[in-house]
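Letter by letter, the chains look like this.
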Amino acid sequence: MLIFNKKSDLSAFLSPLINQNKSIGFVPTMGALHEGHLSLLEKSLDENDITVMSIFVNPTQFNNAEDLEKYPRTLEKDVEKMSVVSNKIIVYAPSVSDIYEGNTVSQSFEYDGLEHQMEGMHRPGHFDGVGTIVKRLFEIIQPNKAYFGEKDFQQLQIVKKLVSKHKLPVQIIGCAIFREKSGLAMSSRNERLSPEARKKAALIFEILTKAKEIFQTETIKETIKFVEKSFKKHPEFELEYFEIADEETLLSAETKDVTKKYRGFIAVFIEKIRLIDNISLN
């Protein structure tokens, strides 16, 4: 396994391989790896000649300084986990200065309105930060395919829009959510939960699953009301939002259209740690 900390060294290594038309798969992460990340790696290894994984906690996508400070950074453990999957992975673990060269600010991006929904509404500037880092990593690594988990479904749609609007030569592959045995969506933030809270957090998927069932026979309004009432019974949770949206536009839906696919999106706090999840409702 090769680990690069500088983009110049990584580019020098990858350049001759690109010239040989080797296919490059790329898995961008912020580290604190779990089985969901490793499943993306395995898919990339299966589909490409070369697989690159980045580990970089990107400051420009955090609108909460405390969240950025407390985000887990576990590079040694991450490398150990990757080595179990394969010793042929190329790791890019840059410093902030290597990526931003002393100018740690986001570019501004337009995503045809996708950026104003849900996460964009509750985390101002977040998707400018996501677009900035993803575009820079694509430029450095020049992948043929890049792999993103559907837990961050809005981010996945944003990245697809970024690639389309900027005509970037990379195929975006969305991969299914990996869940803990309890149903809790795997996330690096889960590591910050106490064992008790982590057990209780299984309620999020339990409620989402029930909401999907209710959605089949009830209105959108009634489905949302069910979720909100359910969390009110559990004061240890703070529901930030639950929205039912069109999968393609991410616009909140008020009435059902049989020609459209809908997804339920949720953000909830427990122990002041923010967890997100989503579920296909069709």
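See above for the structure.
Summarised in this report is the structure supplied together with it. Small disclaimer: the values here were computed from a predicted structure and weren't measured.

Across the sheet, 6 strands lie side by side as 1-4-3-2-5-6; this open sheet has parallel pairing. Where the open sheet ends on each side, the last strands, each with one partner, are strand 1 (2-4) and strand 6 (171-175). Strand-to-strand twist across the sheet, computed as the mean angle between neighbouring axes with direction ignored, equals 25°. Relative to strand 3 (residues 50-55), strand 2 (residues 24-29) runs parallel, the two sharing 6 bridges. In the strand pairing of strand 3, Phe-26 is matched with Val-52. Seen against the sheet, helix 2 (residues 35-47) touches strand 2, strand 3, strand 4 (89-92), strand 5 (145-149) and strand 6 and runs at an angle of roughly 155° to strand 5. Sitting on the sheet, helix 4 (residues 75-85) is in contact with strand 1, strand 3 and strand 4, with an inclination near 160° to strand 3.

A few words on the nonpolar core. The biggest cluster of nonpolar side chains holds 42 residues, and the ones touching the most others in it are Leu-14, Val-52, Tyr-92, Phe-138, Ile-141 and Ile-172. Among the elements that line this core, the one with the most residues is helix 7 (residues 126-141), at 8 residues. Not counting the four nearest positions on each side in its chain, Ile-172 is found in contact with Phe-138, Ala-146, Phe-148, Leu-156, Val-159, Lys-160 and Val-163. Grouped together as the second largest cluster of nonpolar side chains are 26 residues, Ala-197, Ala-211, Ala-253 and Leu-275 included.

So, about the environment of Phe-231. Inspection of the secondary structure puts Phe-231 in helix 11 (residues 220-232). Spatially, the C-alpha atoms of Phe-231 and Ile-207 are 8.6 Å apart, while their sequence positions differ by 24 residues.

Note: strand 2 against strand 5, 2 bridges, orientation parallel. From the neighbouring strand, Phe-26 faces strand 5, where its bridge partner is Ala-146. Where strand 5 meets strand 6, 5 bridges bridge the pair, whose relative direction is parallel. When the bridges of strand 6 are listed, Lys-145 appears paired with Gln-171. With respect to chirality, the unit in which strand 5 leads through helix 8 (residues 153-165) into the neighbouring parallel strand 6 is right-handed.

Looking now at unusual backbone geometry. Although it is not a glycine, Met-118 adopts a positive phi angle of roughly 40°. For Met-118, a relative accessible area of 0% puts it in the buried group. One non-glycine residue with positive phi stands out, namely Gln-142, at about 55°. Following the sequence through the fold, Gln-142 ends up in the loop between helix 7 and strand 5.

Moving on, we come to the sheet that holds strand 9 (residues 273-280). The 3 strands are arranged 7-8-9 in an open sheet whose pairing can be described as antiparallel. Whereas interior strands pair on both sides, the edge strands pair on one side only; in this sheet they are strand 7 (237-246) and strand 9. Geometrically, the sheet is characterised by an average inter-axis angle of 15° between neighbouring strands, direction not taken into account. With 8 bridges connecting them, strand 8 (residues 262-270) and strand 9 associate as antiparallel partners. Opposite Ile-266, over in strand 9, you have Asp-277 as the bridge partner. Taken strand by strand, helix 10 (residues 203-215) contacts strand 7, strand 8 and strand 9, and its axis lies near 30° from that of strand 9. Running at roughly 165° to strand 7, helix 11 makes contact with strand 7 and strand 8 of the sheet.

How each quantity is defined
- Residues numbered from 1 in each chain as written.
- Predicted model: local features only at pLDDT ≥ 70, side-chain atom pairs only at ≥ 80, totals over all residues.
- Heavy atoms only, no water.
- Pairing = 2+ DSSP bridges.
- Helix = DSSP H or I, 4+ residues; strand = E, 2+ residues; numbered from the N terminus.
- Axes fitted to C-alpha atoms, helices over the stretch in contact; angles between N-to-C directions.
- Contact = heavy atoms within 4.5 Å.
- Core = buried A, V, L, I, M, F, W, Y, C linked by side-chain atoms within 4.5 Å.
- Buried < 20%, exposed > 50% of the residue type's maximum accessible area, 1.4 Å probe, protein only.
- Right-handed = clockwise from strand over helix to strand, strands pointing away.

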